[in-house]
Amino acid sequence: MKHLQKITFAIAGLIALSSQVKAQAHRFDPPWNTPPESKVMFTVPGVDNVPDLFGDINDPQLVVFFAGNQFMCIDDLMVAFKKEHPQYQRIFAETLPPGILAKQIMGGSITIGNMRITLKPDVYTAGKSRTDQMPEYFSRTVPYAYNRLAIMVRKGNPKNVKGLKDLGRADVRVSMPNPEWEGIGKRIEEAYVKAGTETLRKTIMETKVKDSTTYLTQIHHRQTPMRILYNQADAAPVWYTEAYYQMMIDHPTDVIEIPEAENISATYVAGQMKIAPHIQAAKDFMDFLISPVAKAIYRKYGFTTR
């Protein structure tokens, strides 16, 4: 009987340990935002988890496509907007890479997993270079926030990364946005050239990509923090706000500042769609984005405003 009890306790211990290991394996997984309340809350880390779709997908009164690295602002923005405009309670937002969102606008749909979304945006926000490429889609554009580059590293900076030049070192694993998908990728390449000439850019973007010490992401604002947190990368050039936010939520990361002479700035522009399904809501949200309330929210998360 005692032998059987020992076996039972051993099995129970293994099950408990297995559960702890599984929980540990996903301890830094998104969503990092606060999900909306529902009768059934069902998010399974690593399996059923859609962190870049927000709010009400059913019959929305406003649809906004945000460049993905603004995801941390969404909760506060939507609460404040609904408070100022209580007539809009069903709002849907996406925070995917701006290049993907642009393809979605042009193609009319996107499929994520088994879900196909055909909602048309009322407002699209992205970096100025992206919105400048598609002026025919907008009836109005306004700049509303600004950003700069920084380097995200693990807490304590174990590889002693001091600047962009260190990302060319063979012993430093880099998480880098794929320029094909994300506008920030091309801007970071500009910064590499500023910091170390074309040679540094080629080292990081060609030589290190070939030997797998540079990893090209598709959703940089999600994949890169996770790669740093799970020790799959040592350093990552990101918009400053992304590194700032990870520290805000007490994740074990640090930020390495990039000198102004080597840095690149970003201007975020909102575009009201010419074919916005909800014209008045689109206008109201555009006005809200340049209001003191919205600017204060962006500053809270490390952006700058004017």
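These numbers were taken from a predicted model, which means no experiment stands behind them. (Residues numbered from 1 in each chain as written. Predicted model: local features only at pLDDT ≥ 70, side-chain atom pairs only at ≥ 80, totals over all residues. Heavy atoms only, no water.)

Enquirer: Where do I start with the overall build of the protein chain in this structure?
Expert: Counting its secondary structure elements, the protein chain contains nine helices and 12 strands. Relative to a compact globule of 306 residues, whose C-alpha radius of gyration would be 19 Å, the protein chain shows 21 Å and is just as compact. Taking the principal axes of the C-alpha coordinates as reference, the protein chain spans close to 75 × 55 × 35 Å. Taking all 306 residues of the protein chain together, 48% fall into the buried category. Looking at the protein chain, you have 37 positive and 31 negative side-chain charges, and the mean spots of the two groups are 3 Å apart. (Helix = DSSP H or I, 4+ residues; strand = E, 2+ residues; numbered from the N terminus. Rg over C-alpha atoms; globule rule 2.2 N^0.38 Å. Buried < 20%, exposed > 50% of the residue type's maximum accessible area, 1.4 Å probe, protein only. Lys, Arg positive; Asp, Glu negative; His and termini not counted. Charge placed at Lys NZ, Arg CZ, Asp CG, Glu CD.)

Enquirer: Looking at this structure, I do not really get helix H9 (residues 292-300). What am I missing?
Expert: One full turn of an α-helix is made of 3.6 residues, so residues set three or four places apart face in the same direction. Considered for burial, the residues of H9 that qualify are Ala294, Lys295, Ile297 and Tyr298. All buried residues of H9 fall inside an arc of 155 degrees around its axis, so they share one side. On its buried face, H9 is in contact with helix H2 (74-84), strand S7 (138-154) and helix H8 (279-289). Once H9 finishes, glycine 302 follows within two positions and takes phi at roughly 95 degrees, a positive value. (Arc of directions from axis to C-beta. Contact = heavy atoms within 4.5 Å.)

Enquirer: Could you clarify how one ought to interpret the pattern of salt bridges in this entry?
Expert: Opposite charge on two side chains permits them to pair, given that their charged atoms come into close proximity. According to the stated counting rule, one finds 17 salt bridges in the structure shown. Taking the shortest distance from any N to any O, the salt bridge between glutamate 190 and arginine 187 comes out at 3.4 Å. Residue glutamate 190 and its partner arginine 187 are both found in helix H5 (residues 183-210); the two are separated by three residues, about one turn of the helix. On the basis of relative accessible area, arginine 187 is assigned to the partly exposed category, the value being 24%. Residue glutamate 198 is joined to arginine 201 by a salt bridge in which the shortest nitrogen-to-oxygen separation is 2.6 Å. In this pair, glutamate 198 and arginine 201 both sit in helix H5, three residues apart, roughly one turn of the helix. According to the relative accessible area criterion, glutamate 198 is partly exposed, its value standing at 33%. (Salt bridge = Lys/Arg side-chain N within 4 Å of Asp/Glu carboxyl O.)

Enquirer: What is the right way to look at the layout of surface pockets in this model?
Expert: By rolling a water-sized probe across the atoms, one finds the places where empty space is left. Of the volumes computed, that of the largest pocket is approximately 1,100 Å³. Looking at the largest pocket, it is lined by 31 residues, and the ones nearest its centre are Pro35, Pro36, Leu53, Phe54 and Gly55. Counting residues per element, the ones that place at least two in the lining of the largest pocket are strand S1 (53-55), H2 and strand S3 (91-94). Ranked by the residues each element gives to the lining of the largest pocket, the list is headed by H2, at five residues. (1 Å grid on protein atoms, 1.4 Å probe; cavity = no way out; pocket = protein on both sides within 12 Å on 5 of 7 lines; lining within 4 Å. Points joined across faces, edges and corners; volume = space filled by probe spheres on them.)

Enquirer: Quick question: what am I supposed to make of the environment of proline 97 here?
Expert: Topologically, proline 97 is positioned in the loop between S3 and helix H3 (98-107). With a relative accessible area of 1%, proline 97 lands in the buried category. Spatially, the C-alpha atom of proline 97 lies 7.8 Å from that of asparagine 69, the residues being 28 residues apart in sequence. Not counting residues up to four positions away in its chain, the partners in contact with proline 97 are Gly68, Trp181, Glu182, Gln218, Ile219 and His221.

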